[in-house]
Amino acid sequence: MDVIFGNLDLWGEAIGNTLLVFLGGGLIALVLGIIVGAMRVSPIPIARAFGTVYVNLVRNTPLTLVFFVFVFGYPALGLPKLSPLVLGILAIGIYTATYVAEVLRAGINTVPVGQAEAARAIGLPFGQVMTLVVLPQAFRSVVPPMMSVFIALLKNTTVAAGFSIAELAALRATVNDAPDRPGNPMEVLLWVAVVFVVLVLVMSAVQRQLENRWRIVR
Amino acid sequence: MTSVLYDVPGPRAIARNRILAVITVLVVLAAIGFVVYRMLVTGQFTEQKWYVFTFSNVWIGIGKALGNTLAAFALAAVLSLVLGFVLAIGRLSDHAWVRIPVTVITELFRAVPVLVFMMLLYYGLPVIGVKMEPYWAVVIALMVYNGSVLAEVLRAGVESLPRGQKEAGFAIGLRKSGVMRLILFPQAIRAMLPVIVAQLVVTMKDTALGFIITYPELLYYAKQLTSQQGRPILQSAIVIGGIYILMCLILSGIAKWVEIRTRHSPKVRGAVPEAGPDPRVHDGGTNTELIAMQRGAGKFDGTSTGG
């Protein structure tokens, strides 16, 4: 217990940063993911092509490499200085956006063909086909896998530890390097694991709730 | 590709689409152009920045690092498949005293980030007197995480089979092990093969986490290169990144190929209802969503790399 109460300030900072990376990355991922997802189902071939290239390229890149490019590579471009935290948020957001885009696209694809066809048959234009018929149905089947993406995002925030961002997984090094801090690596890491297990279990409980409430019976 | 979402465009729609297409191209080119411009300004394309890559020693080093990456991936992949089978059998067991602990273990292993598990093995274990090589930390962490994910995949595969398969197996006098080995698993594996290969791509990507616990794999080597003459940071990221993307694309390509092959195979079509014209099995849709949609499965990691 000493490892928690002796380092309460560090734990607060670490959990704060983890949540910051999670929320910031999640926001970027949602916005960018919606744009890319829309590109991937749009009637414009070139937009579809760009979306496909982006998704396939980034999804086949390890997150660690994305972090590497942003945190180490960005300063080499001589642009205004950004802290590793901001760069890390950008990296994880851009990485997760591809998963968000794919979930959205798969969600749109779960809507039976007949729904969109019927909507077109009664003369609705593209915008109304999407907003009135397809998206409301797609939304329901998107929510559970979207929660999975966010659970993965939460777990992926640990990668930031390797790139001088003081979040939970980096706590071990911080505690270890300070001689007067109580706790050994084992204790710190076990507690970190406990925090993640609790967070993930809470999120998946929410996911199960939503899934049951919004299940479409066809 | 034709979509049901919109009509064949008329003249006005064609004109509008053209304008939107031009805007898209301009925006994307502007973004790429800006990065290239900054790279030009900061001299990223100059000879000295790429100088390191003219040494054959560097390429031998890259080859060695690639070997390390592949060694970790290969062993982790095999072990996680084995563990996946064991855990899947445990979860499907009729005995509560086997099923419940195994379920708890798989759920736990999937909830802990891979990196934290790796760190536990590498930094944590020496505290209680067990010293572990980075290689084994990477392999064991990947094995445990991907093994439990694969167990879920296999379980979802078995549970998606019609009940009649199992009953018919018992009816012809097979025992539990025989039903599992001869009837349920072969069908489940065939149906879930694309998901299994996709999970192997995740394993491949996650070997890069070894970088953080100083396993000398590709990304670690890239980091070392950045301190060489000329500090080629972006350059080594481009070269190493290219290698990673190529390897993962090859594996993804195999996954895609397997998926197409299984979908056309009459053996699977007869057995698994999902493999038919179900809209969920849509071209290019992510495989992991498939399991996520089958009830109870894929809770934690729809499309994750565990991180």
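Residues numbered from 1 in each chain as written. Chains lettered and ligands numbered in written order. Predicted model: local features only at pLDDT ≥ 70, side-chain atom pairs only at ≥ 80, totals over all residues.

1. Some thoughts on the overall build of chain B
So, point 1. Across its full length, chain B carries 12 helices and 0 strands.
So, point 2. Sequence-ordered secondary structure for chain B, helices as α and strands as β, is α-α-α-α-α-α-α-α-α-α-α-α.
So, point 3. Taken over 307 residues, chain B has a buried fraction of 41%.
So, point 4. Sequence-distant contacts, at least 24 apart, represent 72% of the contacts inside chain B between residues at least 6 apart. (Helix = DSSP H or I, 4+ residues; strand = E, 2+ residues; numbered from the N terminus. Buried ≥ 20, exposed ≤ 12 C-beta atoms within 10 Å, placed from the backbone. Contact = placed C-beta atoms within 7 Å.)

2. So, the overall build of chain A
So, point 1. When helices and strands are tallied, chain A shows 9 helices and 0 strands.
So, point 2. Order of helices (α) and strands (β) in chain A, N terminus to C terminus: α-α-α-α-α-α-α-α-α.
So, point 3. When its C-alpha atoms are laid out on the principal axes, chain A stretches across 75 × 45 × 25 Å.
So, point 4. Looking at chain A as a whole, 50% of its 218 residues are labelled buried.
So, point 5. Restricting to contacts in chain A with at least 6 residues of sequence separation, those with at least 24 account for 75%.

3. Some remarks on the confidence of the model for chain B
Residues and elements named next belong to chain B.
So, point 1. Confidence along chain B averages 80 in pLDDT terms, with 84% of residues attaining 70 or more.
So, point 2. No element of chain B has a lower mean pLDDT than helix α12 (residues 287–293), which averages 45, and none a higher one than helix α6 (residues 134–159), which averages 91.
So, point 3. The low-confidence segment residues 270–307, where pLDDT is below 50, has 105 contacts with residues more than four positions distant or belonging to other chains.
So, point 4. Interface confidence for the predicted complex, given as ipTM, is 0.85, next to a pTM of 0.83. (pLDDT = per-residue confidence, 0-100.)

4. Quick notes on the environment of R16 of chain B
All names here are of chain B.
So, point 1. Along the chain, R16 turns up in helix α1 (residues 11–41).
So, point 2. R16 gets classed as partly exposed once you count the C-beta atoms within 10 Å, which come to 14.
So, point 3. Along the backbone, R16 and A137 are 121 residues apart, and their C-alpha atoms lie at a distance of 55 Å.

5. Thoughts on the interface of chain A and chain B
So, point 1. Of the residues lining the interface, 62 residues belong to chain A; the matching set on chain B comes to 62 residues.
So, point 2. Every element with two or more residues in the side of chain A that touches chain B is listed here: α3 (45–59), α4 (63–73), α5 (84–110), α6 (113–121), α7 (126–156) and α9 (185–214) of chain A.
So, point 3. Residue composition of the side of chain A that touches chain B, by class: 43 nonpolar, 14 polar and 5 charged. (Nonpolar A, V, L, I, M, F, W, Y, C, P; charged D, E, K, R; others polar.)

6. Some details on the nonpolar core
So, point 1. Grouped together as the largest cluster of nonpolar side chains are 139 residues, with contacts concentrated most on F67 of chain A together with L115, V116, F117, M118 and A141 of chain B.
So, point 2. Here this core gets 15 residues from one element, more than from any other, and that element is α6 of chain B. (Core = buried A, V, L, I, M, F, W, Y, C linked by C-beta atoms within 7 Å.)

7. Let's talk about helix α4 (residues 96–111) of chain B
So, point 1. An ideal rise of 1.5 Å per residue puts 22 Å on 16 residues; α4 of chain B measures up with 22 Å between its terminal C-alpha atoms.
So, point 2. Structurally, α4 of chain B contributes buried residues whose contacts are with α9 of chain A together with α3 (56–91) and α6 of chain B. (Expected span 1.5 Å × (residues − 1).)

8. Observations concerning the confidence of the model for chain A
So, point 1. Confidence along chain A averages 85 in pLDDT terms, with 98% of residues attaining 70 or more.
So, point 2. Looking over chain A, one finds the lowest element-wise mean pLDDT in helix α1 (residues 2–5) of chain A, namely 72, and the highest in α5 of chain A, namely 90.

9. So, unusual backbone geometry
So, point 1. The backbone of T214 of chain B sits at a positive phi, close to 60°, despite the residue not being glycine.
So, point 2. Mapped onto the elements of the fold, T214 of chain B is located in the loop between α8 (176–206) and α9 (218–225).

10. Some details on the environment of I92 of chain A
Residue and element names in this part refer to chain A.
So, point 1. If you trace the backbone, I92 turns up in helix α5.
So, point 2. Spatially, the C-alpha atoms of I92 and V21 are 7.9 Å apart, while their sequence positions differ by 71 residues.
So, point 3. Residues within four places of I92 in sequence aside, it is in contact with V21, G25, L153, N156 and T157.

11. Some words on the packing of helix α2 (residues 8–41) of chain A against α5 of chain A
Residues and elements named next belong to chain A.
So, point 1. Their axes nearest at 5 Å, the elements α2 and α5 cross at an angle of 40°. Taken together, α2 and α5 sit at an angle that is classed as oblique. For the pair α2 and α5, the crossing hand works out as right-handed. (Axes fitted to C-alpha atoms, helices over the stretch in contact; angles between N-to-C directions. Parallel < 35°, antiparallel > 145°, perpendicular 65-115°, else oblique. Left-handed = near helix turned anticlockwise from the far one by under 90°.)

12. Observations regarding the packing of α9 of chain A against helix α5 (residues 114–124) of chain B
So, point 1. At their nearest, the axes of α9 of chain A and α5 of chain B sit 9 Å apart, and the two run at 165° to each other. Considering the angle they form, α9 of chain A stands roughly antiparallel to α5 of chain B. As for how α9 of chain A packs across α5 of chain B, the hand of that crossing is left-handed. In this structure, α9 of chain A uses P185, M186, L189, V192, A193 and F196 of chain A to contact α5 of chain B, whose residues at the interface are V116, M119, L120, Y123 and G124 of chain B.

13. Describing the environment of I14 of chain B
All names here are of chain B.
So, point 1. Turning to its location among the elements, I14 is positioned in helix α1.
So, point 2. Residue classification places I14 among the exposed residues on the basis of 11 C-beta atoms within 10 Å.
So, point 3. Put simply, I14 and F85 are 71 residues apart on the chain and 53 Å apart in space, counted from C-alpha to C-alpha.

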